[in-house]
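Spelled out from the first residue to the last, the chains are:
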Protein chains: 2
Amino acid sequence: MSDLADEIVAMDLQRAFSDVERASVYRAIYARRDMRHFCGGEVSAEVLKRILEAGHAAPSVGFMQPWRFIRIADKGLRSRLTDVVSAESKRTAEALGGRKAEFLKLKVEGMRECAELIAVVQAPDDGSIFGRRTMPEEMVVCSIACAIQNMWLAARAENLGMGWVSIFEPSEVASILKCPEGAKPLALLCLGPVREFYRKPMLQQENWREHLPLRDVLFEDGYGA
Amino acid sequence: MSDLADEIVAMDLQRAFSDVERASVYRAIYARRDMRHFCGGEVSAEVLKRILEAGHAAPSVGFMQPWRFIRIADKGLRSRLTDVVSAESKRTAEALGGRKAEFLKLKVEGMRECAELIAVVQAPDDGSIFGRRTMPEEMVVCSIACAIQNMWLAARAENLGMGWVSIFEPSEVASILKCPEGAKPLALLCLGPVREFYRKPMLQQENWREHLPLRDVLFEDGYGA
């Protein structure tokens, strides 16, 4: 565990969250944005480590810890990954048909401008059965997404933006990052300083899609009920 | 958006997180546990709504918002779902072979004792392409896991425990909850007051598996590098 984790646990794991602490957690949840606009700058090694440790503190099915983080330090490598995303953006635009023009107006990644780029890769299956006998693939993927959500909230609390880019062909990213057989890239995370956070989720702000009211996604005792 | 979300955005979305706010977010991340031990009690309607809204504030690929929350209010229904989990626990124990006895000593769900039980179901595919042309299933599942992680952290900030039960046959849960074709249950969330939070993740505490050092999951410029 990290020093921060040790400190928090030593400090008193059981102590109740105060109103101020609770409000801070909700603030991170509501003020977090999936960012595509970055302004260069840098993320200190200390802050980056805190964000990565936050990801690594996520829950995982059967305690598998199936996430692998690859920090992209090499500029050539970043450029090759950006090309993979550009190529898939074009294919996505074509596949969207009637909404192609609208899609092309959106900024869908900030890979050239972000301070740090981190690939998140699913490790090859280690054969774990606990908690995933019936949903082996889904539960590993869920664990990795929980780690990324932790990083997103930690980044916001560090006053940094983060964006999850998933517009890529995973086999191409796997090849560039020399992933072993069975490993699967799930995210290219753009991380770094931003000029401002979107007032609403970008795709809502840009009228790509509406935010559903809670009542549309909440049922009682049966689906749709 | 919820009142809380409106309040936070109105309050100043751009304002930097203070040290205290940042520490509170990390505290939730490190003090969160995947709980299986609950002590009955209840969750007020107001607190439950805040936790559900926190889930609904998660990011989602193409802003799909593919999560559906089903609150289980009926006792008979809770009992039937618990039976489904018990049956799969037995099958999991058999599949574990050499670790069967060790597995059977663990408490793997708190479905009878938790104050609230919430099923989280993946909505039928709506045909969205944005951000998931190459990974259609993974990205929907990731979005739902981000929502659940938000709920987990919100629950901890509300001083409540939450546990994600995934030991079930999804088709059986889908049938009990009258899910439409294409909808898929991913989680049975146990939520409520707990006597205490595990000092370490339960599977680590019970020596099921070790926590990896960060260096084992962090690479630079290539997998394993």
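In this numbering scheme, every chain counts its residues from 1 along its sequence in written order. Chain letters and ligand numbers both follow the written order, the letters beginning at A and the numbers at 1. Per-residue local features are limited, in this predicted model, to residues with pLDDT of at least 70; the limit for side-chain atom pairs, both in listing and counting, is 80 or more; totals at the level of whole chains, interfaces and linings are taken over all residues.

### Some thoughts on the overall build of chain A
Numbering of helices and strands runs from the N terminus, with a helix taken as a DSSP run of H or I at least four residues long and a strand as a DSSP run of E at least two residues long. Secondary structure assignment for chain A yields eight helices and five strands. Along chain A, helices (α) and strands (β) appear in the sequence α-α-α-β-α-α-β-α-β-α-β-α-β when read from the amino end. Throughout, the radius of gyration refers to the C-alpha atoms, and the reference size of a globule is 2.2 Å times the residue count to the power 0.38. A compact globule built from 225 residues would reach a C-alpha radius of gyration of about 17 Å, and chain A, at 19 Å, matches this within 12%. Reported as C-alpha extents along the three principal axes, the dimensions of chain A are approximately 50 × 45 × 45 Å. In this scheme every C-beta is placed from the backbone, and a residue whose C-beta has 20 or more other C-beta atoms within 10 Å is buried, one with 12 or fewer is exposed, and one in between is partly exposed. Split into buried and exposed, the 225 residues of chain A put 49% on the buried side. What counts as a contact is two residues whose backbone-derived C-beta atoms lie within 7 Å of each other. Pairs at least 24 apart in sequence give 83% of the contacts found in chain A among residues at least 6 apart.

### Description of the interface of chain B and chain A
Interface size is commonly expressed as the accessible surface area that is lost when the partners come together. Contacts between the two partners involve 96 residues from chain B, matched on the other side by 96 residues from chain A. The set of elements that each furnish at least two residues to the side of chain B that touches chain A consists of helix H1 (3-12), helix H2 (19-31), helix H3 (45-56), strand S1 (67-71), helix H4 (75-95), helix H6 (136-157), helix H8 (202-205) and strand S5 (218-220) of chain B. Three classes are used: nonpolar for Ala, Val, Leu, Ile, Met, Phe, Trp, Tyr, Cys and Pro, charged for Asp, Glu, Lys and Arg, and polar for all others, with Gly counted as polar. Looking at the side of chain B that touches chain A, its residues break down into 60 nonpolar, 15 polar and 21 charged. Strands are treated as partners if at least two bridges between them are detected by DSSP. Bridging between strand S5 (residues 218-220) of chain A and S1(B) involves three bridges; their strand directions are parallel. Paired with A:Glu220 across the bridge in S1(B) is B:Arg71.

### Observations regarding unusual backbone geometry
A positive phi angle, close to 60°, is found at A:Asn159, a residue other than glycine. Structurally, A:Asn159 can be placed in the loop between helix H6 (136-157) and strand S3 (161-165). Unusually for a residue other than glycine, B:Lys178 sits at a positive phi of about 55°. One can find B:Lys178 in the loop between helix H7 (170-176) and strand S4 (184-192).

### Observations concerning the environment of B:Ile29
Relative to the elements of secondary structure, B:Ile29 occurs in helix H2. The residues contacting B:Ile29, other than those within four sequence positions of it, are A:Ala54, A:Ala57, A:Asn150, A:Ala154 and B:Leu153.

### Considerations on the relation of the copies chain B and chain A
Rotating chain B by 180° about the axis while translating it 0.0 Å along that axis superimposes it on chain A, leaving an RMSD of 0.0 Å. The two molecules are tied by a two-fold rotation axis, judged by turn and shift. Most of the interface of chain B is mirrored in chain A: 100% of its interface residues are interface residues there too. Alignment of copies: least-squares fit on C-alpha atoms of residues with pLDDT of at least 70 in both copies.

### Describing the sheet that holds strand S4 (residues 184-192) of chain A
Ordered by their spatial adjacency, five strands build an open sheet running S3(A)-S4(A)-S2(A)-S1(A)-S5(B), and the pairing between neighbours is mixed. Only two strands of the sheet have a single partner each, and these edge strands are S3 of chain A together with S5 of chain B. Each strand of the sheet is rotated relative to its neighbour by a mean of 25°, with strand direction disregarded. In this analysis, axes come from line fits to C-alpha atoms, helices being fitted only over the stretch in contact, and the angle between any two N-to-C directions falls in the range 0 to 180 degrees. Packed onto the sheet, helix H4 (residues 75-95) of chain A meets strand S1 (67-72), strand S2 (116-122), S3 and S4 of chain A and runs at close to 115° relative to S1(A).

### Thoughts on the environment of A:Ser166
Residue and element names in this part refer to chain A. Structurally, Ser166 is set in the loop between S3 and helix H7 (170-176). The exposure class of Ser166 is buried, given the 24 C-beta atoms found within 10 Å. Sequence separation between Ser166 and Leu189 is 23 residues, and the spatial gap between their C-alpha atoms is 8.9 Å.

### Digging into the sheet that holds S4(B)
The strand order S5(A)-S1(B)-S2(B)-S4(B)-S3(B) describes an open sheet built from five strands, whose pairing is mixed. One side of each edge strand has no neighbouring strand; the edge strands of this open sheet are S5 of chain A together with strand S3 (161-165) of chain B. Between one strand axis and the next, the sheet turns by 25° as a mean value, whatever way the strands run. Across five bridges, S3(B) lies against S4(B) in antiparallel orientation. From the neighbouring strand, B:Gly163 faces S4(B), where its bridge partner is B:Cys190.

### Side note on the packing of helix H3 (residues 45-56) of chain A against H6(A)
All names here are of chain A. Where H3 contacts H6, the axes come no closer than 7 Å and their chain directions differ by 145°. By crossing handedness, the relation of H3 to H6 is classed as right-handed. On H6, the residues that touch Arg50, Ile51, Ala54, Gly55 and His56 of H3 are Ala147, Ile148, Asn150, Met151, Ala154 and Ala155. Here the contact of H3 with H6 is built from residues that sort into seven nonpolar, three polar and one charged. The sense of a crossing depends on the near helix, which, turned anticlockwise from the far helix by less than a right angle, makes the crossing left-handed and, turned clockwise, makes it right-handed.

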